[in-house]
Amino acid sequence: MISTRRRKSDFVLALGGGGARGLAHIGVLKVLQSEKIRITGIAGVSMGAFIGAMYAYYMDATEIEEIFKKFLQSQFHKKFSKTFFLLSEDANSYQAPSRIIKKLGRGYVYLKAASKKGIFSQTILRETIDFLLPDISFSDLRIPFVSVSSDLKSGQSVIFKNGKVRHAVVASSLIPGIVEPLESGNSILTDGSTTEVVPVKAASEIFHGTVVAVDVSMNLKRSINLRTAFDVAIRANEITTNFLNRTNLHAAEIVISPKVGETNWSNFDKLSELIRAGEIAARKALSLLK
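Remember, predicted model here, so these are calculated numbers, not experimental data.

A count of helical and extended segments in the chain gives eleven helices and ten strands. Counting all 290 residues of the chain, 51% fall into the buried class. Long-range contacts, defined here as pairs at least 24 residues apart, represent 76% of the contacts in the chain between residues at least 6 apart. Summing over all exposed atoms, the chain offers an accessible surface of approximately 14500 Å²; the carbon and sulfur share of this is 53%.

This is the structure we're talking about:
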């Protein structure tokens, strides 16, 4: 059951989405834990939902780091990282033959995307969360937690706070165009960051306390290469998302923004670097938290 009783020392986390950049959340949590900052609620979106659910259950950021290290070394991750490679940086930045392989592979990926609602089925997310978190219910969590998904029909956020945690995290992490959406009742669910890149609104509505937003969104690139109509559409969406996210963050009392730069959402090889970025950003915010 989610408590709405407010204490002076209550802090509520709103953990944003960003794929691999969300690993910086672990660094933020390591600092908050070591400084004994009281966390009374967590709202998560996409990777923020993954990390948030894990912390709400394990309450140990170092343990979460170790679990992710094991995951990244697993055969399961290596299997899918090949496709992530095709979706990552600009193919022209690679030397031959990697550049050629990347372009050919992308052609296959684009053909697949043109005939389906996502390049991947939901299986990739379900198997990932199965690796990271036991099959538990919200009532098993040690810190109150909610995850945020988005309904493609209504255009509204959908908040999960009951039932199975794994299902809620998956529903929050269905990257549009990359992972197929989830049909649930009258809703078609996709990644929570579609409506809230950082779930500040959900955190403030569900929990009572000082909202601490952790924003791991990508910096808006200044140098761009617009070659196709697809490139223009993607760039326009990036600008819109960046603007709406900055507006949304104004509703948070404290904002922690790890310097994740332009790290691509699929680049999980930077685990230690991203965690370190989270630690640095959290330590800079300690004067506001104490």
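Following the structure, the description resumes.
The next subject is the pairing of strand β8 (residues 187-190). Pairing of strand β4 (residues 145-151) with β8 involves two bridges; the strand directions are antiparallel. In the strand pairing of β8, aspartate 151 is matched with leucine 189. Inspection of the sheet shows strand β7 (residues 182-184) paired to β8 by three bridges, in the antiparallel sense. Considered in β8, the bridge of leucine 182 is made with leucine 189. Turn length for the β7-β8 hairpin, with the two strands adjacent in sequence and antiparallel, is two residues, and the turn residue glycine 185 shows positive phi of about 60°.

This next bit is on the confidence of the model for the chain. Averaged over every residue, the pLDDT of the chain is 84; the share at 70 or more is 81%. Counted against residues more than four places away or in other chains, residues 1-7, with its pLDDT under 50, gives 13 contacts. Here residues 89-106 is a poorly scored stretch, pLDDT under 50, and it has 27 contacts once near neighbours within four places are set aside; other chains count.

Let us look at the nonpolar core. Counting 68 residues, the largest nonpolar core has Ile42 and Phe68 as its most contacted members. Tallying contributions element by element places helix α2 (residues 47-58) first for this core, with nine residues. Those residues in contact with isoleucine 42 that lie beyond four places of it in its chain are Leu13, Leu15, Gly52, Tyr55, Ala56, Ile143, Pro144, Phe145, Val146 and Phe207. Grouped together as the second largest cluster of nonpolar side chains are 14 residues, Ala14, Val197, Leu249 and Ala252 included.

Before going further, it helps to examine a nonpolar patch on the surface. Together, Ile224, Leu226 and Val232 make up a nonpolar patch on the protein surface, roughly 250 Å² of accessible area in all. Residue position: isoleucine 224 is located in the loop between β9 (210-214) and α9 (229-249). On the basis of relative accessible area, isoleucine 224 is assigned to the partly exposed category, the value being 42%.

What follows concerns helix α7 (residues 165-172). The element α7 is extensively covered by neighbouring structure, given that seven of its eight residues are classed as buried. Among all positions of α7, only Val165, Arg166, Ala168, Val169, Val170, Ala171 and Ser172 are buried.

With that settled, the discussion passes to the pairing of β9. Within β9, five of the five residues are buried, leaving the element largely enclosed by the surrounding structure. Across the two faces of β9 the burial is the same, with Thr210, Val212 and Val214 and Val211 and Ala213 all buried. Sheet analysis places strand β1 (residues 11-15) next to β9, joined by five bridges and oriented parallel. Residue pairing across strands places valine 12 opposite valine 211, the latter belonging to β9. Inspection of the sheet shows β9 paired to strand β10 (residues 254-256) by three bridges, in the parallel sense. Paired with valine 214 across the two strands is isoleucine 256, which belongs to β10.

Trans is the prevailing form of peptide bonds, just as negative phi is the prevailing case for residues other than glycine. Phi at lysine 36 takes a positive value of approximately 55°, unusual for a residue other than glycine. Structurally, lysine 36 can be placed in the loop between α1 (24-34) and β2 (39-45). Although it is not a glycine, methionine 59 sits at a positive phi angle of roughly 55°. Under the relative-accessibility criterion, methionine 59 is labelled partly exposed at 33%.

To continue, consider the pattern of salt bridges. Counting across every chain of the model gives ten salt bridges. In this structure, the salt-bridge partner of glutamate 279 is lysine 30, at a minimum N-O distance of 3.6 Å. Residue glutamate 279 is located in helix α10 (residues 271-284), and its partner lysine 30 is located in helix α1; the two are separated by 249 residues in the primary sequence. Judged by relative accessible area, glutamate 279 falls into the buried class, the value being 17%. In the salt-bridge network here, residues are joined through shared partners; they are Lys30, Glu65, Glu66, Lys69, Arg276 and Glu279.

Reading the values: the criteria
Residues numbered from 1 in each chain as written. Predicted model: local features only at pLDDT ≥ 70, side-chain atom pairs only at ≥ 80, totals over all residues. Heavy atoms only, no water. Helix = DSSP H or I, 4+ residues; strand = E, 2+ residues; numbered from the N terminus. Buried < 20%, exposed > 50% of the residue type's maximum accessible area, 1.4 Å probe, protein only. Contact = heavy atoms within 4.5 Å. Areas by Shrake-Rupley, 256 points an atom, 1.4 Å probe, with all protein chains shown as cover. Pairing = 2+ DSSP bridges. pLDDT = per-residue confidence, 0-100. Core = buried A, V, L, I, M, F, W, Y, C linked by side-chain atoms within 4.5 Å. Patch = residues over 30% accessible without salt bridge, like charges linked within 9 Å, V, L, I, M, F, W, Y side chains within 5 Å. Salt bridge = Lys/Arg side-chain N within 4 Å of Asp/Glu carboxyl O.

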